[in-house]
Amino acid sequence: MSDFEVESDSGENTDSEPDTALPPPAKRRLTPPSGTALTAGRAAAARGEHRGAADTAVRRQDVGDQVWIGAPAPESGPEEMGKDGSVWLSVPLGTGRGRRPSQNILREIAGPTAFARHGIHDLESAFLCLMDPLLLQHIRDCTVAEARRSGIQWDLSIPELKAFIALLYVRGSFNKNLEMESLWSDEWGLPFSRSTMPRRRYRQIMRFLRFDRREERQARLASDKFALITDVWRDFVTNSIRCYRPGENVTVDEQLYPTKARCRFTQYMANKPDKFGIKFWMAADVDSKYFLNGIPYLGRDAARPAGQRLGERVVLNLMEPFMDKGRNVTTDNFFTSLSLAKCLLARNTSLVGTMNAARRELPPSAKQRAELHSTKVLKHERATLTLYQAKRKKSVSILSTLHQTVLTGTEGKRKPETITFYNTTKVGVDSLDQMARLYSTKGATRRWPVAVFCNILDLAAINAWVLYRQCTGANIARRAFILELAKELRREHMLAKAAPPATVQRPLLPLPYVPHPQVPERRRQCQINAHCKQNKTTVVCSGCKRPVCGKCVVQLEPRCLKCV
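Residues numbered from 1 in each chain as written. Predicted model: local features only at pLDDT ≥ 70, side-chain atom pairs only at ≥ 80, totals over all residues. Heavy atoms only, no water.

Under the annotation held in an unreviewed UniProt entry, the protein carries the name PiggyBac transposable element-derived protein domain-containing protein and is attributed to Knipowitschia caucasica.

Written as C-alpha cells, this is what we have:
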C-alpha cells in the first residue's frame, strides 16, 4: 500500500503477500508506514468515531473487511483531565481551513426588519420605532398623575413631553457637563432652549416626571426591585429587538451606568472609570453597535436554578431572541464556561471567550508557564481550547466552538487566530457604552429612575441613528443626527405654541379673581381651622364670608381670557 501497511492480528507483516494468503479469521487493522502504533485520536478516527472539520475529517472507504483512509487525521498528544472530570486531548496546530460548521452559518439577513423599514422615513419616525407613542403616553399619564396627587391642576401633552426630551438631547450634544439650568442663561444659554419652553416649565416637568403609578408601587416592589421603571425599560428592549436583526457576531458584556442616587442595587466596581452606578447586562451587535437586549442587575436572582452560574444564565437570557440562526457570541471570562458552550451549541450558536484560570473544567496545563508566545491547542468534544503565553508570567485561555482548527501568525508575537478573533469581536458593548457617554443626556439627579431613563434615551438615540442610516441610506454623523432629531421632536410643540387664537369670539368678561379679600372692621378668630390653631385674622372668605387666616387661605393663580 502507498499510504498505510496492512497487518494481521498476529503482528506479521503481509505487505508482500496477496490478500488470499491471509487466514480467514484474521482481522486486519491499519498502521502508519513507520510501523508505530496508532494514537488514540487516529484510532477513534479509523473506527469512525471522530468527526471534525473537513481539514481534519477522515475519508473512509470500505472494501470487504478492509478500511482505507484517504486523509490521515492529525497526530494527537496525551490526554489531560480537569478537576470536574472534563477530558482534553492535545492536538497540533491547524494547517488549513475546512468546511464551515453548521452552527456558524447565519440563516437570516442582518439589518433592520420589515417593520422598521416600512415605518422609518425621517429621524423622528426612527426614534418613535423605539420609544413608541404608547410608551410616551404611559410616561405622560404617570407624570400627570403624580402632579395631581399633590393637589395641583397640572397637565402635560405628548408634544410637550417630546420637546422636553429634545432639550435633554441638545444639552448632551453641546456640553454634557453644563448644568441644565444654564441653558436658559442670557450669557451661556441657547436660543433653542429659550424658544422651546420656559425654564420654570422645564423644572415642573422634571419635578413630576414619573414612570409608574404610585398607588400600585408597593405591591410591585415586593417582587420587582426595578418596578419604578420596569414597564418603560421592558417596552424599549422589546422595540429594539423587533426593529433589528443582528449580524453573525454578538457581544455580551456589562455596563455600569454612573449614578450615586440612593438605590438598593447600586454597584461599586473599582475597575470602572465611574466607581458607582447601576449595572446592566447587555448584548450588542459587533458591526453596527446596535443595542440588542439588556437586563438590569438587581442582586440575587431567586429564579436562577441551583447549580447554574450567573454568567451562564445571563448569556442564555440575552441571546434567547437570537438563537438557532447560526450566530456567534463573544464573552469575557466572567461568562465563559464549558457548560455554556454546550448549551449554546445545542441552540445552533457558537461561543468564543476568555476563561478564568479558576474554572474547574480547565486542564492542568492551563495554569503552567510555557515558552513566551507559544500556543497549545486542546479539544474536548466540539470545543477548542487555546492556551497562549502572552507574557512571561501571564497566559491567556480562549474557549471556542467556532474554530475547529487554530492557525498562528508567523511574525512578531505569533498570536493564534482565536485571540485575534476575540480581540476583534469583544468590543461591541464597550463601544456602545463609549458612544452613549459621548453625548449623554445624564444630569444631576437624586432619583435613580430618572438616571435609568437618561440611559434609555442615550441607547435609543444610538439605535435610531443605526436604523435611520440603514433604512434611508443617509450618511449622517451621530451628533448631527441628534441635533436634527431634537428639532423634529419639538416641531409639533412649536406649532401648537404658534397657532393663531380660536376663531370663536369669547366675551371679554372680567375674570372672577379677587386679589385681596374683604377686610372687616376688627380682628376675629379663624373659623376654618384647617391648618391653624384658631388664629386671629381680619380677612374673610369671598365665598362663605367667614373669617380665614393666612394658613387656611388658598391663593388663586391668574388666568388669561383664552384659558377661562
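A separate point is the overall build of the protein. Scanning the protein for helices and strands turns up 15 helices and 19 strands. Residues classed as buried in the protein amount to 47% of the 564 residues present. Pairs at least 24 apart in sequence give 60% of the contacts found in the protein among residues at least 6 apart. Carbon and sulfur atoms make up 52% of the accessible area of the protein, which totals about 30400 Å². (Helix = DSSP H or I, 4+ residues; strand = E, 2+ residues; numbered from the N terminus. Buried < 20%, exposed > 50% of the residue type's maximum accessible area, 1.4 Å probe, protein only. Contact = heavy atoms within 4.5 Å. Areas by Shrake-Rupley, 256 points an atom, 1.4 Å probe, with all protein chains shown as cover.)

Let's shift gears to the packing of helix α10 (residues 310-319) against helix α11 (residues 338-346). Relative orientation and spacing of two packed helices are given, respectively, by the angle between their axes and the distance between those axes. For the pair α10 and α11, interaxial distance at closest approach is 10 Å and the crossing angle is 20°. By the angle between their directions, the pair α10 and α11 is classed as roughly parallel. As for how α10 packs across α11, the hand of that crossing is right-handed. Packed against α10, whose contacting residues are Glu312, Val315 and Leu316, the element α11 presents Ser339, Leu340, Cys343 and Leu344 at the interface. Taken together, the residues that form the contact of α10 with α11 break down as 5 nonpolar, 1 polar and 1 charged. (Axes fitted to C-alpha atoms, helices over the stretch in contact; angles between N-to-C directions. Parallel < 35°, antiparallel > 145°, perpendicular 65-115°, else oblique. Left-handed = near helix turned anticlockwise from the far one by under 90°. Nonpolar A, V, L, I, M, F, W, Y, C, P; charged D, E, K, R; others polar.)

A few words now on unusual backbone geometry. A negative phi angle is the norm for most residues apart from glycine, just as the trans form is the norm for most peptide bonds. A positive phi angle, near 60°, is found at asparagine 348, a position not held by glycine. Along the polypeptide, asparagine 348 turns up in the loop between α11 and β14 (350-354).

Now for the confidence of the model for the protein. Residues at a pLDDT of 70 or more form 79% of the protein, whose mean pLDDT is 81. The model gives residues 1-74 a pLDDT under 50, and that stretch makes 89 contacts with residues more than four places away or in other chains. Across residues 513-520, where pLDDT falls below 50, the model places 12 contacts with residues more than four positions away in sequence or in other chains. (pLDDT = per-residue confidence, 0-100.)

So, on to helix α3 (residues 123-130). Residues lying three or four places apart along an α-helix face the same way, a consequence of the helix completing one turn every 3.6 residues. In terms of burial, α3 is largely enclosed, as 7 of its 8 residues are buried. When α3 is considered as a whole, its buried residues turn out to be Leu123, Glu124, Ser125, Ala126, Phe127, Cys129 and Leu130.

Moving on, we come to the packing of helix α4 (residues 133-149) against helix α9 (residues 230-243). Relative orientation of the contacting elements α4 and α9 amounts to 170°, with a least axis distance of 10 Å. Relative to α9, the element α4 lies roughly antiparallel. On the side of α4, the interface is formed by Leu135, His138 and Ile139, while α9 contributes Asp231, Val232, Asp235 and Phe236. Considered class by class, the residues forming the contact of α4 with α9 number 4 nonpolar, 1 polar and 2 charged.

Here we come to a positive patch on the surface. Together, Lys391, Lys394, Lys413, Lys415 and Lys426 line one region of the surface with positive charge. Residue placement: lysine 391 occurs in strand β16 (residues 383-391). (Patch = residues over 30% accessible without salt bridge, like charges linked within 9 Å, V, L, I, M, F, W, Y side chains within 5 Å. Salt bridge = Lys/Arg side-chain N within 4 Å of Asp/Glu carboxyl O. Lys, Arg positive; Asp, Glu negative; His and termini not counted. Charge placed at Lys NZ, Arg CZ, Asp CG, Glu CD.)

Counting buried positions along β16 gives 7 out of 9 residues, so the element sits mostly inside the fold. Hairpin connection from strand β15 (residues 375-380) to β16: 2 residues lie between these consecutive antiparallel strands, with glutamate 381 at a positive phi of about 55°. Across 7 bridges, the pairing between β16 and strand β17 (residues 394-400) is antiparallel. By the bridge assignment, threonine 386 is partnered in β17 with isoleucine 398. Between the end of β16 and the start of β17, which pair antiparallel, lie 2 residues. (Pairing = 2+ DSSP bridges.)

Moving on to the side chain of threonine 386. With respect to the secondary-structure elements, threonine 386 resides in strand β16. Within the structure, the side chain of threonine 386 is placed 3.1 Å from the side chain of threonine 418, a separation counted as a polar contact. Beyond its immediate stretch of four places on either side in the chain, threonine 386 contacts Thr375, Lys376, Val396, Ser397, Ile398, Val406, Pro416 and Thr418. (Polar contact = N/O pair within 3.5 Å; in protein donor to acceptor, adjacent residues only side chain to side chain.)

Turning our attention to the environment of asparagine 535. Within the secondary structure, asparagine 535 sits in the loop between β18 (524-525) and β19 (536-537). A C-alpha to C-alpha distance of 6.4 Å links asparagine 535 and cysteine 549, two positions 14 residues apart in sequence.

A word on the pairing of strand β9 (residues 249-258). Across the 10 residues of β9, 10 count as buried, placing the element largely inside the fold. Side chains of β9 alternate between two faces, with Asn249, Thr251, Asp253, Gln255 and Tyr257 and Val250, Val252, Glu254, Leu256 and Pro258 buried alike. In this sheet, strand β13 (residues 328-331) lies alongside β9 in parallel orientation, the contact comprising 3 bridges. Its bridge partner lying in β13, threonine 251 is registered against threonine 330. By the bridge criterion, 9 bridges tie β9 to strand β11 (residues 276-285) in an arrangement that is antiparallel. Directly across from valine 250, in β11, lies its bridge partner aspartate 285.

What follows deals with the side chain of histidine 493. Its location among the elements puts histidine 493 in helix α15 (residues 478-498). Only 3.2 Å separates the side chain of histidine 493 from the backbone oxygen of threonine 196, close enough to count as a polar contact. Not counting chain neighbours up to four residues away, the residues in contact with histidine 493 comprise Pro159, Glu160, Ala163 and Thr196.

Taken together, the buried positions of helix α13 (residues 428-438) are Gly428, Val429, Ser431, Leu432, Asp433, Met435 and Ala436. The inward-facing, buried residues of α13 abut β9, β11, β12 (291-296), α12 (417-425), α14 (448-472) and α15.

What the rule picks out here adds up to 20 aromatic pairs. A centroid spacing of 6.1 Å and a plane angle of 85° characterise the contact between phenylalanine 127 and tyrosine 169, whose relative ring orientation is edge-to-face. Linking phenylalanine 127 in helix α3 with tyrosine 169 in helix α5 (residues 158-174), this pair joins segments that are 42 residues apart in sequence. The same class applies to phenylalanine 127 and to tyrosine 169, which are both buried. Between the aromatic rings of phenylalanine 236 and phenylalanine 291, the centroid separation amounts to 5.6 Å while the plane-to-plane angle is 10°, which identifies the pairing as stacked. With phenylalanine 236 in helix α9 and phenylalanine 291 in strand β12, this residue pair connects regions lying 55 residues apart in the sequence. Residue classification places phenylalanine 236 among the buried positions, given a relative accessible area of 0%. Note on phenylalanine 291: relative accessible area 0%, which makes it buried. The lysine or arginine in question, arginine 242, covers the ring of phenylalanine 115, its NZ or CZ lying 4.2 Å from the ring centre. Looking at lysine 279, its charged tip hangs above the ring of tyrosine 297, at a distance of 4.7 Å from the centre. (Phe/Tyr/Trp six-rings, centres within 6.5 Å; stacked < 30°, edge-to-face > 60°. Lys NZ or Arg CZ within 6 Å of the ring centre and 35° of its normal.)

By the definition in use, this model includes 23 salt bridges. Lysine 272 is the salt-bridge partner of glutamate 254, the closest N and O atoms lying 3.9 Å from each other. With glutamate 254 in strand β9 and lysine 272 in the loop between β10 (267-268) and β11, this residue pair connects regions lying 18 residues apart in the sequence. What makes glutamate 254 buried here is its relative accessible area of 16%. Of the charged contacts, one joins arginine 309 and glutamate 361 as a salt bridge, the two residues approaching to 3.7 Å between their closest N and O atoms. Note that arginine 309 is positioned in the loop between β12 and α10 and glutamate 361 in the loop between β14 and β15, a separation of 52 residues in sequence. Overall, the relative accessible area of 3% leaves glutamate 361 in the buried class. Taken together, the shared-partner salt bridges in this structure form one network comprising Glu146, Arg149, Arg210 and Arg214.

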